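# An overview of the molecular structure
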Amino acid sequence: LATGDCSLRMRWSLRLCAASRGSLNVPEEIWKYRSVGLHLRSGHPLCTTRRLIEDYHRNLHGRGFKFLSDLDSVTSTKACFDDLLVEPDHPSRRISDTYYVTGNHVLRPHMTAHDVQLLQQGQREFVITGDVFRRDAIDRSHFPVFHQTDGVRVLKNVSGETMVQDLQETLEGLVSQLFGADTKTRWIDAYFPFTDPSFELEVEWNGEWLELLGCGLLKRGVLQAGNVHDDEIGWAYGLGLERLAMVLFEIPDIRLFWSDDRRFVEQFQAGKVTTFRPYSKHPVCYKDVSFWLPQGFHENDFYELVRTIGGNLVERVELIDDFEKPGTGKSHCYRVSYRSMERNLTNSEVDILQERVRKAAEQKLRVTLR
């Protein structure tokens, strides 16, 4: 391994050891989202999207899908990673990427974490939906809490080729149901730790190809963990509800899903897909912060810090410059864009937030401000 790779592995190991001692990296603001349940709120675009997906599966001839949408979001690392054959050094295991409740339990980063448990219970056709949590970038299409739907089907005495055909026909039918029969689709070869072969399904929408979901045939090791017999074979898929709903309802900013503003909420009705009507456009206010990086710095830690301080007023955090100075180290410059979806922000209140960001980065992340 190159020196940089060794440093990366060492940093990851130190972070994971800290988590295994029981330290937490779940901010109170993130923990509160567990009880919201947007996908269960009648009339909300995410609830409508979930029900459209469930109705499609419910109406498939000869199928018997079970639907679950209230599974506990705290899962074991065994269910989330080990049972799904996620490699020991996979990025999703890092404390910089995943919220660790304890060393052995996490806020699930994907709904696939429940697949093996349900297979062990004897379930062979199911669709599950819930909130998932990831430490990630900050922009209009990323939020640390979002929602996923996973589907699984297991059959006996069929070939892998037949199963792939069944998977693709099922999902192409879902696209036709949601977007229209004339919607163009294409399949892209992909990689996921728990499926082989693996695919991504893209749809053409407004002249662009959009990634809609990932899927594939469950690996034999995953099926064995679920006590599935050797003569059975299964497929699985996972899709993000926000990504789909942003297209269907033409919602431009993922933060809007969490809004209680009546101008947003009252635009939507249960079971209906309606185009979002923007009700305000407030100006953005951006501030830059530059600092020298300490050893072991991870940008997700900075994103988390900014979001904890600025909340939903933070629209985007962008790395706009980085350079390395011999003998001094590496420097990053981030641009933090603040914008409220409900009112104008004053420059003075943004200055206060930005100063809190600067001080917190210095104290908690041990950066050296420039």
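Use the structure listed above.
Attention here is on the structure that accompanies the text. (Residues numbered from 1 in each chain as written. Predicted model: local features only at pLDDT ≥ 70, side-chain atom pairs only at ≥ 80, totals over all residues. Heavy atoms only, no water.)

Per the secondary structure count, the protein includes eleven helices and 13 strands. Scaling as 2.2 N^0.38, a compact globule of 370 residues should have a C-alpha radius of gyration of about 21 Å, and the protein matches this with 22 Å. If you line up the protein on its principal axes, its C-alpha atoms span 65 × 50 × 35 Å. Scored against the burial criterion, the 370 residues of the protein give a buried share of 50%. (Helix = DSSP H or I, 4+ residues; strand = E, 2+ residues; numbered from the N terminus. Rg over C-alpha atoms; globule rule 2.2 N^0.38 Å. Buried < 20%, exposed > 50% of the residue type's maximum accessible area, 1.4 Å probe, protein only.)

Here we come to the pattern of salt bridges. In a structure, side chains of opposite charge can pair up when their charged atoms sit close to one another. A complete count under the given rule lists 27 salt bridges for this structure. Residue Arg-262 pairs with Glu-266 through a salt bridge whose shortest N-O separation is 2.8 Å. By sharing partners, the salt bridges in this structure join Arg-140, Asp-253, Arg-255, Glu-315 and Arg-339 into a single network. (Salt bridge = Lys/Arg side-chain N within 4 Å of Asp/Glu carboxyl O.)

What follows deals with the packing of helix H10 (residues 299–310) against helix H11 (residues 347–364). Put simply, H10 and H11 touch, their axes get as near as 10 Å, and they point 140 degrees apart. Here H11 runs oblique to H10, going by the angle between their axes. Relative to H11, H10 is oriented so that their crossing is right-handed. Contacts between H10 and H11 involve Phe-302, Leu-305, Val-306 and Ile-309 on the former and, on the latter, Leu-353, Arg-356, Val-357, Ala-360, Ala-361 and Lys-364. When the residues that make up the contact of H10 with H11 are grouped by side-chain class, the tally is eight nonpolar, no polar and two charged. (Axes fitted to C-alpha atoms, helices over the stretch in contact; angles between N-to-C directions. Parallel < 35°, antiparallel > 145°, perpendicular 65-115°, else oblique. Left-handed = near helix turned anticlockwise from the far one by under 90°. Contact = heavy atoms within 4.5 Å. Nonpolar A, V, L, I, M, F, W, Y, C, P; charged D, E, K, R; others polar.)

Bringing the packing of aromatic side chains into the picture now. The final tally for this structure, using the stated rule, is 17 aromatic pairs. Where Phe-302 meets Tyr-334, the ring centres are 4.7 Å apart and the plane angle is 35 degrees; that geometry is what we call tilted. Highlighted residues: Phe-302 in helix H10 and Tyr-334 in strand E12 (residues 329–338), separated in sequence by 32 residues. Here a set of aromatic residues connected by ring pairs shows up, and it is made of Phe-249, Phe-264, Phe-268, Phe-276 and Tyr-279. (Phe/Tyr/Trp six-rings, centres within 6.5 Å; stacked < 30°, edge-to-face > 60°.)

On to the sheet that holds strand E11 (residues 314–325). Here four strands make up an open sheet; going across it, the order is E11-E12-E10-E13 and the pairing antiparallel. At either margin of the open sheet sits one strand with a lone partner, and together these are E11 and strand E13 (368–369). Relative to E13, strand E10 (residues 285–292) is paired through two bridges, and the arrangement is antiparallel. Each residue of the ladder has a partner; that of Phe-291, found in E13, is Leu-369. (Pairing = 2+ DSSP bridges.)

We now examine the sheet that holds strand E6 (residues 185–192). Spatial ordering of the open sheet is given by E1-E4-E5-E9-E8-E7-E6, a layout of seven strands whose pairing is mixed. Each end of this open sheet is capped by a strand with a single partner; those strands are strand E1 (66–68) and E6. Each strand axis lies, on average, 25 degrees off the axis of its neighbour in the sheet, ignoring direction. Inspection of the sheet shows E1 paired to strand E4 (residues 125–133) by three bridges, in the parallel sense.

Turning our eyes to something else, we now look at H10. In this model H10 runs 16 Å from its N-terminal to its C-terminal C-alpha over twelve residues, within 8% of the 16 Å that 1.5 Å per residue would give. Among the twelve residues of H10, ten are classified as buried, and the element is accordingly described as predominantly covered. All of the buried residues along H10 are Asn-300, Asp-301, Phe-302, Tyr-303, Glu-304, Leu-305, Val-306, Arg-307, Ile-309 and Gly-310. (Expected span 1.5 Å × (residues − 1).)

Pairing of E6 with strand E7 (residues 195–205), which is carried by seven bridges, proceeds in the antiparallel orientation. Its bridge partner lying in E7, Ala-190 is registered against Ser-198. In this structure, the hairpin formed by E6 and E7 is closed by a connection of two residues.

If you look at the biggest cluster of nonpolar residues, it comprises 51 residues, and the most contacted ones within it are Phe-179 and Phe-257. Listed by contribution, the elements that provide at least two residues to this core are helix H3 (45–58), E4, helix H6 (160–179), E7, strand E8 (208–218), strand E9 (232–240) and helix H8 (241–248). Ranked by residue count, the leading element in this core is H6, at eight residues. Filtering out sequence-adjacent residues up to four positions away, Phe-179 remains in contact with Val-203, Trp-205, Leu-212, Leu-244, Val-247 and Leu-248. (Core = buried A, V, L, I, M, F, W, Y, C linked by side-chain atoms within 4.5 Å.)

Moving on, we get to empty space enclosed by the protein. If you walk through the whole model with that rule in mind, you get two cavities of 30 Å³ or more. Of the volumes computed, that of the largest cavity is approximately 40 Å³. In terms of residue class, the lining of the largest cavity is made up of four nonpolar, one polar and four charged. (1 Å grid on protein atoms, 1.4 Å probe; cavity = no way out; pocket = protein on both sides within 12 Å on 5 of 7 lines; lining within 4 Å. Points joined across faces, edges and corners; volume = space filled by probe spheres on them.)

Attention shifts here to the side chain of His-44. Along the chain, His-44 turns up in the loop between helix H2 (28–32) and H3. Accessibility expressed as a relative area gives 8% for His-44, which makes it buried. A polar contact of 2.7 Å, which involves the side chain of His-44, links it to the backbone oxygen of Phe-257. Once residues lying within four places of it in the same chain are set aside, the contact partners of His-44 are Leu-38, Phe-257 and Phe-264. (Polar contact = N/O pair within 3.5 Å; in protein donor to acceptor, adjacent residues only side chain to side chain.)

All right, on to H6 then. Between its first and last C-alpha atoms H6 spans 28 Å; for 20 residues at 1.5 Å apiece the expected length is 28 Å, and the two agree. If you check which residues of H6 are buried, you get Met-163, Val-164, Asp-166, Leu-167, Gln-168, Thr-170, Leu-171, Leu-174, Val-175, Leu-178 and Phe-179. Downstream of H6 by a residue or two, Gly-180 has a phi angle that is positive, lying close to 115 degrees.

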